[in-house]
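Spelled out from the first residue to the last, the chains are:
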Amino acid sequence: MSPSVPRRLAAVTAVAVAGLFAATAPSALAAPGTVTAPAAVSAVAAAPTPPDIPVANVKAHLAQLQSIATANGGNRAHGKAGYKASIDYVKAKLDAAGFTTTLQTFTSSGATGYNLIADWPGGDPNSVLMSGSHLDSVNAGPGINDNGSGSAAILETALAVSRAQLQPTKHLRFGWWGAEELGMIGSKYYVNNLPAAEKSKISGYLNFDMIGSPNPGYFVYDDDPTIEQTFKNFYVGVGIPTEIETEGDGRSDHAPFKDAGIPVGGLFSGADYTKTAAQAQKWGGTSGKAFDACYHASCDTSANIDDTALDRNSDAIAYAVWNLGAATPVPPGPSFENTADVNIPDSPGAAVTSPITVSGVTGNAPATLKVDVNIVHTYVGDLVVDLVAPDGSVYNLRNRSGGSADNIVQGFTVNASSEVANGVWKLQVKDLAAQDTGYINSWKLTF
Ligand code: DTR
Ligand code: CA
Ligand code: ZN
Ligand code: ZN
């Protein structure tokens, strides 16, 4: 039976080796509200390389939002003058840059709310990559980190798209949501009022809510694996370790999109949770202190921003928009393969293993570790197939399933985020029923 080492209840999902984003069905956004005619967009070759987003530009937008709050009772909350002034500021920048903007109105708590949707002309209208942030603050303060930071970063990314006259394969759309602090009212209104045919065109939604926290962490949403991998690839590239954002499910504007079956992802630098000593060790900052001690407070002002985190996350947003918007999706992380044949002794033989030595991967394995298995064997119902981590933890991939079918050629996604990546991983196979034999042909790990 199964080996003596502890068996983890593995979050293992057997997946076909699928495409990155499903192609989806035709035509442009049909959102309600007034539409401002776009400036003409000249056909210029798209810049394949993601740009560096000038953090000074992002901070200039934050300074404007701060001024707006100061001039309007100290906040930019739903239903208040400061929010509408914030929307007007962002819209003016986008109109001037050639975006097609739509102001969507809704009512919540007896006040008019506003969503701003901006479409970059061109790209495949059947495959829309959307980025969004809520623009409203709480009543208590100006909301510069929560969520001026996300709003300013995607605004500057949109302006960078215009500066580059980018011509991505996908159609790019950006959204600034109202009344998130009241319970994601604006984003829910947008998704709920999007016809089903329009929803199915959105190949991915990227959410950015608090990305400049003064005591920052670097968290990546663990939702769509491709989007998650894209952000992780960026941070591997700049040598910053990341963690999975675990408490964000349902807590920001990606939730309505996820509930509608749209692939989602995003970045987060932390709110009122406390930074641990281990996190301070890898990210700097102060352990035992909140990532953002001014969360939902009057002190969430222009001074409540870590410029480095804002800069890195803004660049990560551009990296994701350029790569996920491109025809060729972002390549997965590093992979390691063993193609040596290993015979599987017929029952009651011992389990056999095929080793892969992983090196050069920073930190832990991902929650979406890809395991591709190729086993030549008649009657695969005989077989128990496990992934064994370097510390001996066992993740069951198959347990005598498949009956009389022959051969296993299958991809699995394993949540191996608690395992150190580097070390010797093993594919372990045991034949538990007499007759029918075979061998491990090859297997591969992709991080
Ligand atoms: N609810 C958001 C802040 C927030 C708290 N946890 C997460 C996780 C992921 C994104 C955002 C958040 C707000 O107060 O706007
Ligand atoms: Ca930058
Ligand atoms: Zn908030
Ligand atoms: Zn927020």
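Going by the structure above, here's the rest.
Each chain has its residues counted from 1, following the order in which its sequence is written. Numbering of ligands from 1 and lettering of chains from A proceed in the order in which they are written. Per-residue local features of the predicted model are confined to residues with pLDDT of at least 70, and side-chain atom pairs are confined, for both listing and counting, to 80 or more; whole-chain, interface and lining totals are unaffected and use all residues. Side-chain numbers here rest on the full set of heavy atoms in the structure, without hydrogens or water.

The next subject is the overall build of the protein. By definition, any uninterrupted DSSP run of H or I lasting at least four residues is a helix, any uninterrupted run of E lasting at least two residues is a strand, and each is numbered from the N terminus. When helices and strands are counted, the protein shows nine helices and 20 strands. Burial classes follow relative accessibility: with a 1.4 Å probe on protein chains only, a residue under 20% of its type's maximum area counts as buried, one over 50% as exposed, and anything between as partly exposed. Out of the 447 residues in the protein, the part that is buried amounts to 53%. Summing over all exposed atoms, the protein offers an accessible surface of approximately 17,100 Å²; the carbon and sulfur share of this is 54%. Only the protein chains shown count as covering a residue, and every accessible area follows the Shrake-Rupley method with a 1.4 Å probe.

This brings us to the pattern of salt bridges. Counted as salt bridges are all cases of a side-chain nitrogen of Lys or Arg within 4 Å of a carboxyl oxygen of Asp or Glu. Throughout the structure, instances matching the rule amount to 10 salt bridges. Where D95 meets K91, a salt bridge forms, and the shortest distance between an N and an O atom there is 2.9 Å. A residue pair is termed a helical-turn pair when its members lie 3 or 4 positions apart in one helix, as D95 and K91 do in helix α2 (residues 81–96) at four residues. Here K91 falls in the buried class, since its relative accessible area comes to 15%. Linking E228 and K232 is a salt bridge whose minimum nitrogen-to-oxygen distance equals 2.9 Å. Here the residue E228 and the residue K232 both occupy positions in helix α6 (residues 225–237), the gap between them amounting to four residues, near one helical turn. Exposure remark for K232: the relative accessible area of 14% places this residue in the buried category.

What follows concerns the coordination of the calcium ion (ligand 2). For Na, K and Ca the donor cut-off is 3.2 Å; for every other metal, N, O and S atoms count as donors within 2.8 Å. Water does not enter the count, which can leave sites looking incomplete. Bound to the calcium ion (ligand 2) on the protein side are D52 (OD), I53 (O), D311 (OD), D315 (OD) and D315 (OD), at distances that span 2.1 to 2.5 Å. Coordination of the calcium ion (ligand 2) draws on donor residues from a single chain, spaced D-I-x257-D-x3-D in sequence. Taking relative accessible area as the criterion, D52 reaches 55% and is therefore assigned exposed.

What follows covers the coordination of the zinc ion (ligand 3). Distances from the zinc ion (ligand 3) to its protein donors, D146 (OD), E181 (OE), E181 (OE) and H296 (NE2), fall within 1.9 to 2.5 Å. Each of the six donor atoms bound to the zinc ion (ligand 3) contributes to angles spanning 55 to 148 degrees, and the resulting shape is irregular. All donor residues of the zinc ion (ligand 3) come from one chain, and their arrangement in sequence is D-x34-E-x114-H. The zinc ion (ligand 4) is placed at 3.5 Å from the zinc ion (ligand 3), the two being bridged by D146. Taken together, the positions of E181 in the loop between β7 (170–177) and α4 (185–192) and H296 in the loop between α8 (277–283) and α9 (307–324) put the pair 115 residues apart, joining distant regions of the chain. Just to be clear on the cut-offs, tetrahedral is four donors with all angles between 85 and 135 degrees, square planar is four donors and octahedral six with opposite donors over 155 degrees apart and all others between 65 and 115, and anything else goes down as irregular.

On to the site of ligand 1. We call a residue near a molecule or strand when any one of its heavy atoms sits within 4 Å of it. Looking at ligand 1, there are 15 residues lining it, with E180, D209, R251, Y295 and H296 nearest. Throughout this description, a polar contact denotes any pair of N or O atoms lying within 3.5 Å of each other; where both atoms belong to protein, one of them has to be capable of donating a hydrogen while the other can accept it, and for residues adjacent in sequence the pair is counted only when both atoms sit in side chains. Contact between ligand 1 and H134: an oxygen atom at 3.1 Å from a side-chain N or O atom of the residue. Y295 is positioned such that a nitrogen or oxygen atom in its side chain is 2.6 Å from an oxygen atom of ligand 1. About the coverage of ligand 1: the protein hides 96% of its 370 Å² of free accessible area. Residue classes in the shell around ligand 1 are distributed as four nonpolar, four polar and seven charged. When residues are sorted by character, Ala, Val, Leu, Ile, Met, Phe, Trp, Tyr, Cys and Pro go into the nonpolar class, Asp, Glu, Lys and Arg into the charged class, and all the rest, Gly among them, into the polar class.

Turning our eyes to something else, we now look at the nonpolar core. To qualify as a nonpolar core, a set must consist of buried Ala, Val, Leu, Ile, Met, Phe, Trp, Tyr and Cys residues joined through side-chain atoms within 4.5 Å. Ranked by internal contacts, the top residues of the largest apolar core, which has 61 residues, are L94, F99, W176, L206, F231 and L267. For this core, the element with the highest residue contribution is α9, accounting for 10 residues. Judged by nonpolar contacts, the second largest core, of 31 residues, contains F336, V352, V385 and W443.

Turning our attention to the side chain of S314. Here S314 shows up in helix α9. By definition, residues are in contact when any of their heavy atoms lie within 4.5 Å. Ignoring anything within four residues of it in the chain, the contact list for S314 reads I53, V58, A153 and T157.

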